[in-house]
Amino acid sequence: MFIFPAIDIIGGKVVRLCEGDYDRAKTYMLSPIEAALKFADDGATHLHVVDLDGAKSGNADNAKTIENIVSRCGTFVEVGGGIRTFDQIQKYLDCGVRRVILGTIAVKDFSFVAKAVEKFGEAIAVGVDAKNNCVAVNGWQEVTQINSLDFCKKLKSVGVENVIYTDISKDGMLNGTNLDIFNVLRQTYYPKITASGGITDEFEIEKLKNMGIYGAILGKALYENAIDLRKAIAIAEEK
């Protein structure tokens, strides 16, 4: 299993949200590039970077910062937030981003996902952000009536191989993640599920690994020193 330290960006700064609420954002002193380099120094081979400004605006507001991370870190970087055109996908891939995460556009214009997968293959992932099992869009500000598990089935039908599933109610709360939903997803839908939202301790990392989960995103637990990144990577990589 791969460990993805998360770098969420608002206004060029590293933040963590609580339950997806922008009004409850906590800003950290590390700059995005400092955070990325620190994670790389601690053994991270993969990074999960989100432009939270872009997620709301639909624009690549922090693209320059993200390009700087990619050019200086030498890690596998996946990027999400405000990516809603083929042109923006191509720009990120051209600068060295390895995987682009579609979110709102996947819900608003599903045909875009199918075309993106046809054009870019495994470089496309879809982020499914769920609140009470319903998909949320526009930076988690709008909750639809679309069932998140049904949406995952629909994504599979057009060839999406990587899904990043976030339980918004768990995100940033340091109260544990939704192990049950990831077990259902792994058994039912996808070979490559990345778990996101509230992963708090080494026990959960081991449980996710044993389920056969592809990746685990660690956010606030790293920034608040609840999890040691080196230990988390060792657990995830243990045979």
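Okay, so let's go over this structure. (Residues numbered from 1 in each chain as written. Predicted model: local features only at pLDDT ≥ 70, side-chain atom pairs only at ≥ 80, totals over all residues. Heavy atoms only, no water.)

## What to know about the overall build of the protein chain
Consideration 1: On a plain count of helices and strands, the protein chain comes out with eleven helices and twelve strands.
Consideration 2: Its C-alpha atoms give the protein chain a radius of gyration of 16 Å, within 12% of the compact-globule value 18 Å for 239 residues.
Consideration 3: Going through the 239 residues of the protein chain one by one, you find that 55% of them count as buried.
Consideration 4: In the protein chain, the share of contacts with a sequence separation of at least 24, taken over all contacts with a separation of at least 6, comes to 66%.
Consideration 5: Entry remark: accessible area of the protein chain is about 10,200 Å², with carbon and sulfur atoms responsible for 45%.
Consideration 6: Side-chain charges of the protein chain comprise 28 positive and 32 negative groups, with the mean position of each set lying 2 Å from the other. (Helix = DSSP H or I, 4+ residues; strand = E, 2+ residues; numbered from the N terminus. Rg over C-alpha atoms; globule rule 2.2 N^0.38 Å. Buried < 20%, exposed > 50% of the residue type's maximum accessible area, 1.4 Å probe, protein only. Contact = heavy atoms within 4.5 Å. Areas by Shrake-Rupley, 256 points an atom, 1.4 Å probe, with all protein chains shown as cover. Lys, Arg positive; Asp, Glu negative; His and termini not counted. Charge placed at Lys NZ, Arg CZ, Asp CG, Glu CD.)

## A few points about the packing of helix α9 (residues 202-211) against helix α11 (residues 229-237)
Consideration 1: The geometry of α9 relative to α11 is characterised by a closest axis approach of 9 Å and an angle of 25 degrees between their N-to-C directions. The orientation of α9 with respect to α11, classified from their angle, is roughly parallel. Crossing hand, α9 versus α11: right-handed. Every residue of α11 that contacts α9 at E202, I205, E206 and K209 is listed here: K231, A232, I235 and A236.
Consideration 2: Split by residue class, the contact of α9 with α11 holds four nonpolar, no polar and four charged. (Axes fitted to C-alpha atoms, helices over the stretch in contact; angles between N-to-C directions. Parallel < 35°, antiparallel > 145°, perpendicular 65-115°, else oblique. Left-handed = near helix turned anticlockwise from the far one by under 90°. Nonpolar A, V, L, I, M, F, W, Y, C, P; charged D, E, K, R; others polar.)

## Here's the deal with the pattern of salt bridges
A side chain with one charge may pair with a side chain of the opposite charge, provided their charged atoms come close.
Consideration 1: What the rule picks out here adds up to eight salt bridges.
Consideration 2: With its nearest N and O atoms 3.0 Å apart, the salt bridge here joins D8 to R16.
Consideration 3: Across the pair E142 and K108 runs a salt bridge whose closest N-O atoms are separated by 3.4 Å. Of this pair, E142 sits in strand β9 (residues 142-147) while K108 sits in helix α5 (residues 104-108), placing them 34 residues apart in sequence.
Consideration 4: Exposure remark for E142: the relative accessible area of 32% places this residue in the partly exposed category. (Salt bridge = Lys/Arg side-chain N within 4 Å of Asp/Glu carboxyl O.)

## Brief notes about helix α7 (residues 148-157)
Consideration 1: Within α7 the residues assigned to the buried category are S148, L149, F151, C152 and L155. Projected onto a plane normal to the axis of α7, the buried residues spread over an arc of 155 degrees and lie on a single side.
Consideration 2: Between the side-chain oxygen of the N-cap and the backbone nitrogen of L149 there are 3.0 Å, and the N-cap of α7 in question is N147.
Consideration 3: Downstream of α7 by a residue or two, G159 has a phi angle that is positive, lying close to 95 degrees. (Arc of directions from axis to C-beta. Polar contact = N/O pair within 3.5 Å; in protein donor to acceptor, adjacent residues only side chain to side chain.)

## Regarding the packing of aromatic side chains
Consideration 1: Counted under the stated rule, the structure contains eight aromatic pairs.
Consideration 2: For the pair F39 and Y223, a centre-to-centre distance of 5.7 Å together with 75 degrees between the ring planes defines the contact as edge-to-face. Linking F39 in helix α1 (residues 32-41) with Y223 in helix α10 (residues 220-223), this pair joins segments that are 184 residues apart in sequence. For the pair formed by F39 and Y223, the shared burial category is buried.
Consideration 3: Over the ring of F110 we find K154; its NZ or CZ atom is 4.5 Å from the centre of that ring. (Phe/Tyr/Trp six-rings, centres within 6.5 Å; stacked < 30°, edge-to-face > 60°. Lys NZ or Arg CZ within 6 Å of the ring centre and 35° of its normal.)

## Overview of the state of the cysteines
Consideration 1: Enumeration over the complete set of coordinates arrives at zero disulfides.
Consideration 2: Unpaired in terms of disulfides, C73 finds its nearest cysteine sulfur in C95, a separation of 12 Å.
Consideration 3: No disulfide involves C152; its sulfur sits 13 Å from the nearest other cysteine sulfur, which is in C134. (Disulfide = S-S within 2.5 Å.)

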